[in-house]
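# Breakdown of the fold
What follows is the residue order along each chain.
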Amino acid sequence: MARLDVMETFHGIMFPGHLHTQDCLQLAIRFPFQDTDVLIASYPKSGTTWVQEIVTLICSKGDPQFSQAIPNWTRAPWLEQYYCAPILEASPTSSPRVITTHLPHHLLGPAFQDSKPKVIYVSRNPKDVLVSYYHFHKMANFLPEAGTFQEFFSNFLEGKMCYGSWFDHVKGWTSQTVTMNNLLHITYEEMSQNLHDAIKRISSFLQCPLLEEEINNCMKHCSFSSMRDNKMVNYTLVPAEIMDHSKGSFMRKGKTGDWKTMFTDEQNQHFKHVYRTRMQDCSLKSVWAEQDEEECVC
Ligand code: A3P
């Protein structure tokens, strides 16, 4: 399925037609989850692939054999993408089933009515998401043209992006932490600052406690440099007509605060204003929000 120039609009949100059809999006929002499933949910560029790697490694007690042999999109397929159903059918006994999604909570929430999968929601400083997403648009031929950074910046703040508005996505999922005791919210920044504790938190949430040596092995194999060199996770298996590796790397920088290399002072002020307005009804307190408060950034 090429459809590189096709965009699907589903419930008012744009999805790349290369990976999504109306049918598979419909199937996703009615997916029969099982209580044993692990669902990784995120807005794009928030550390999704990193959490996929961490979960795979936790499940194999730090042994990298599986994560170095099977592509991430096969071991943790995106629920809303067209190839998900055949992958899950081909491996009905894998336990736990690890599934990924970029769908907003308001679309996927009804699918949780009869089951309680373990949900890990990963979020990231939206300024770094914006910059990472901008660079990704340049290399991913299934996404719309990035345009200038200023154009991309405006589209991001207005929510005119594939997978919708960052603000709605984060508010929708994180507001569920109050009622869903099967939801763990973790941030990219927490993983960057203390990977050891982040792995421990995720492994205890998954009820898969690890020995210290196993945690250290997980840390080794999900470091930025290990993942950058692992072709099962660095997307170099994807052909150049779909992801143009001459225009950038999926495993780009892996840093926090990279927005500072791109944002002008004016853009930063504007971002702060929009952030405050859009997030005023959100009780979310996270590492990056606190950091940005200290720096008077948000
Ligand atoms: P950058 O573009 O800022 O480098 P996603 O998987 O949600 O698409 O997110 C991709 C972002 O996560 C990219 O950010 C990528 O480099 C970063 N990333 C992936 N694995 C990482 C790791 N092990 N350590 C730090 N950052 C990582």
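Everything that follows concerns the structure shown earlier in this document.
Residues numbered from 1 in each chain as written. Predicted model: local features only at pLDDT ≥ 70, side-chain atom pairs only at ≥ 80, totals over all residues. Heavy atoms only, no water.

### Considerations on the packing of helix H7 (residues 149-158) against helix H13 (residues 265-279)
- Where H7 contacts H13, the two axes come as close as 11 Å, and the packing angle between them is 10°. One element, H7, and the other, H13, form an angle in the roughly parallel class. Every residue of H13 that contacts H7 at Phe149, Gln150, Phe153, Phe156 and Leu157 is listed here: Gln267, His270, Phe271, Val274 and Arg278. (Axes fitted to C-alpha atoms, helices over the stretch in contact; angles between N-to-C directions. Helix = DSSP H or I, 4+ residues; strand = E, 2+ residues; numbered from the N terminus. Parallel < 35°, antiparallel > 145°, perpendicular 65-115°, else oblique. Contact = heavy atoms within 4.5 Å.)

### A look at the environment of leucine 27
- Structurally, leucine 27 is set in helix H1 (residues 22-29).
- Sequence separation between leucine 27 and glutamine 81 is 54 residues, and the spatial gap between their C-alpha atoms is 9.9 Å.

### Topic: the site of the ligand
- Looking at the ligand, there are 18 residues lining it, with Thr48, Thr49, Ser132, Tyr188 and Lys253 nearest.
- Between the ligand and serine 132, the relevant distance is 2.6 Å, taken from an oxygen atom to a side-chain nitrogen or oxygen of the residue.
- Alone, the ligand offers 570 Å² of accessible surface; in the complex the protein occludes 97% of this.
- When atoms are counted within 2 Å of each cavity's grid points, the one that captures over half of the ligand is the largest pocket.
- Elements with a contribution of two residues or more to the shell around the ligand: helix H2 (48-59) and helix H12 (224-229).
- Of the residues contributing to the shell around the ligand, the split by class is seven nonpolar, seven polar and four charged. (Near = heavy atom within 4 Å. Polar contact = N/O pair within 3.5 Å; in protein donor to acceptor, adjacent residues only side chain to side chain. Areas by Shrake-Rupley, 256 points an atom, 1.4 Å probe, with all protein chains shown as cover. 1 Å grid on protein atoms, 1.4 Å probe; cavity = no way out; pocket = protein on both sides within 12 Å on 5 of 7 lines; lining within 4 Å. Sits in = over half its atoms within 2 Å of the grid points. Nonpolar A, V, L, I, M, F, W, Y, C, P; charged D, E, K, R; others polar.)

### Thoughts on helix H6 (residues 126-139)
- For H6, spanning 14 residues, the distance from its first C-alpha to its last is 20 Å, which sits close to the expected 20 Å at 1.5 Å a residue.
- Most of H6 sits out of view: twelve of its 14 residues are buried.
- Among the residues of H6, those classed as buried are Pro126, Lys127, Asp128, Val129, Leu130, Val131, Ser132, Tyr133, Tyr134, Phe136, His137 and Met139.
- A side-chain oxygen of the first residue of H6 lies 3.0 Å from the backbone nitrogen of lysine 127; this N-cap is asparagine 125. (Expected span 1.5 Å × (residues − 1). Buried < 20%, exposed > 50% of the residue type's maximum accessible area, 1.4 Å probe, protein only.)

### Focus on H2
- Relative to the 16 Å expected for twelve residues at 1.5 Å per residue, H2 spans 17 Å between its end C-alpha atoms, a close match to the ideal helical length.
- With eleven of twelve residues buried, H2 lies mostly within the body of the structure.
- Of all the positions in H2, only Thr48, Thr49, Trp50, Val51, Gln52, Glu53, Ile54, Val55, Thr56, Leu57 and Ile58 are classed as buried.
- Of the residues flanking the end of H2, it is lysine 61, one or two places downstream, whose phi is positive at about 55°.

### Here's the deal with the pairing of strand E5 (residues 118-123)
- Among the six residues of E5, five are classified as buried, and the element is accordingly described as predominantly covered.
- Sheet analysis places strand E3 (residues 38-42) next to E5, joined by five bridges and oriented parallel. Within E5, the position partnered with serine 42 by the bridge is valine 122.
- In this sheet, strand E6 (residues 183-187) lies alongside E5 in parallel orientation, the contact comprising five bridges. Looking across to E6, one finds that isoleucine 120 is bridged to leucine 184. (Pairing = 2+ DSSP bridges.)

Function cannot be read off these values alone, since they describe shape.
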